[in-house]
There are 2 protein chains.
Amino acid sequence: VWLVLEEKKIPYQYKEVNPYHKEPSFLALNPRGLVPTLEVSTADGHKPLYESTVLLEYLEDAYPNHGPSLYPNNPYDKAKVKIWADFVTSRIIPAFHRFLQYQPNTGSGTPEGLEKLRQEFLGKLVEFTREMDPVGPYFTGKEPVLVDFVLAPWAVRLWVFDEFKGGLGKPEKSEDQKVWERWGKWLEAVKGRDSIKRTTSDAQHYLPIYKR
Amino acid sequence: VWLVLEEKKIPYQYKEVNPYHKEPSFLALNPRGLVPTLEVSTADGHKPLYESTVLLEYLEDAYPNHGPSLYPNNPYDKAKVKIWADFVTSRIIPAFHRFLQYQPNTGSGTPEGLEKLRQEFLGKLVEFTREMDPVGPYFTGKEPVLVDFVLAPWAVRLWVFDEFKGGLGKPEKSEDQKVWERWGKWLEAVKGRDSIKRTTSDAQHYLPIYKR
């Protein structure tokens, strides 16, 4: 959501929320207590909205002429973008967290268990990348759309696997070589967006949080 | 999705899928093997789409002048409809199934366990109903929108709790009396839609399936 506010150059005020000490003023806006929560200006005063994908679509509807459109014009292509955005949130992101949080050397953890989660995560990335436009660099072509922004925050943090899991473990050579090249092209394009630079801190600030 | 095809009077062909014997022609359309799957006509030939909410939005985009609009015009109200449609799919429907599937007299099941799930389900319905337009009869007012059609298929099957769980168990008298009256008004309006009648079989056909 923060990326899309930047991409569309929509004026906004950023307020941090301490997830361990949620202030009553925040909980009054969103009883579910989740970020991001947007407080928007309407004809009836300021009102809250939440759920990331809902917020992205709201920004698209409420600011139709700001920056890149989050969807292709064609209804079929638009639906396909939504299907793969759902794949990111329901499959890729959970697989990212299962892989990152697994402890191969404590409790019931084993190196084989870690390897299984690594392959599951890599498999999801391959499945996703196969759906991309062959040329790109973005998912549907020359310009980024919703699904690119939904995956971007996790994609630009893949360095956490270098730090905690001995590397992401992409195969050096495999039958998926072409797929990984396409993935690399996508990732490079995403990392080059100004919106990413303006919403990302240096790794040193994330490290203690991920370590915990 | 079937309801909305009927509501919008979009020409379609209905094909049943046996979930225990999925035909290769179906799996070729949707590798995830889930219903509903829509095969749509595009400039590049017939192509598949899936995920219920994606399909509903596709029908809205692709047939903009067919029948009732699934969303209010105002971007804020539209986002609110999506938030509560998400509440139906992520909270109400899972609570419906947990309550229905719980066996109080077998294994680790207890009558107290059943009562807890009953109250959770009723609590979700109350939370949902409090968000409705006070007059209605539908969620946002005189005409049904997306969220009404997302909940409708479960709402018109609440009789399964009479059959298998000794009744839904709505309180006879409670501080939520007004809320339950509003719920009743909504349910009556939904049950009266022609689209519901045209997509619902007699209870006797569902009974052996639910019983299993």
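One can find the structure itself at the top, above this paragraph.
Here goes a summary of the coordinates provided. (Residues numbered from 1 in each chain as written. Chains lettered and ligands numbered in written order. Predicted model: local features only at pLDDT ≥ 70, side-chain atom pairs only at ≥ 80, totals over all residues. Heavy atoms only, no water.)

Some words on unusual backbone geometry
Our working definition: Each helix is a run of H or I in the DSSP string that is no shorter than four residues. Each strand is a run of E no shorter than two, and both are numbered from the N terminus. Each residue is placed in one exposure class: buried if its accessible area under a 1.4 Å probe, protein chains only, is under 20% of its type's maximum, exposed if it is over 50%, and partly exposed if it falls in between.
With omega at -5°, the peptide bond leading from Val35(A) into Pro36(A) counts as cis. Along the chain, Pro36(A) turns up in the loop between α2 (24–29) and β1 (37–42). Here Gly136(B) and Pro137(B) are connected by a cis peptide whose omega angle stands at 15°. Position of Pro137(B) relative to the elements: it lies in the loop between α5 (111–130) and α6 (146–155). Its identity as a non-glycine residue notwithstanding, Lys9(B) has a phi of 50°, on the positive side. With respect to the element layout, Lys9(B) can be found in the loop between α1 (2–7) and α2 (24–29). Looking at Lys9(B), the relative accessible area reads 63%, which means it is exposed.

As for the interface of chain B and chain A
To keep it simple, the criterion reads: By definition in these notes, contact holds between two residues if any of their heavy atoms fall within 4.5 Å. Once two parts are joined, some of their accessible surface, as seen by a 1.4 Å probe, is lost; buried area is that loss totalled over both. Definition used for salt bridges: Asp or Glu carboxyl oxygen within 4 Å of a side-chain nitrogen of Lys or Arg. Distance and chemistry together define a polar contact, namely a pair of N or O atoms within 3.5 Å, with one atom able to donate a hydrogen and the other to accept it when in protein, and with adjacent residues in sequence counting only for side-chain atoms on both sides. In this count, Pro and Cys sit with the nonpolar residues alongside Ala, Val, Leu, Ile, Met, Phe, Trp and Tyr, while Asp, Glu, Lys and Arg are called charged and the others, Gly among them, polar.
Counting residues at the interface gives 24 residues for chain B and 24 residues for chain A. Between chain B and chain A, the buried area comes to about 2200 Å², and carbon and sulfur atoms account for 62% of it. When the buried surface of chain B facing chain A is broken down by residue, Arg32(B), Tyr76(B) and Ile83(B) rank first, second and third, together holding 31% of it. Taken together, chain B and chain A are joined by four salt bridges. In this structure, Lys78(A) and Asp61(B) form a salt bridge, with 3.0 Å as the shortest nitrogen-oxygen distance. Taken together, the connections running from chain B to chain A amount to six residue pairs in polar contact (both at pLDDT 80 or more). Within the residue set of the side of chain B that touches chain A, elements represented by two or more residues are β1 (37–42), β2 (45–50), α3 (52–62) and α4 (75–101) of chain B. By residue number, the principal contributor to the side of chain B that touches chain A is α4(B), which donates eleven residues. Along the lines of polarity and charge, the residues of the side of chain B that touches chain A split into 13 nonpolar, one polar and ten charged.

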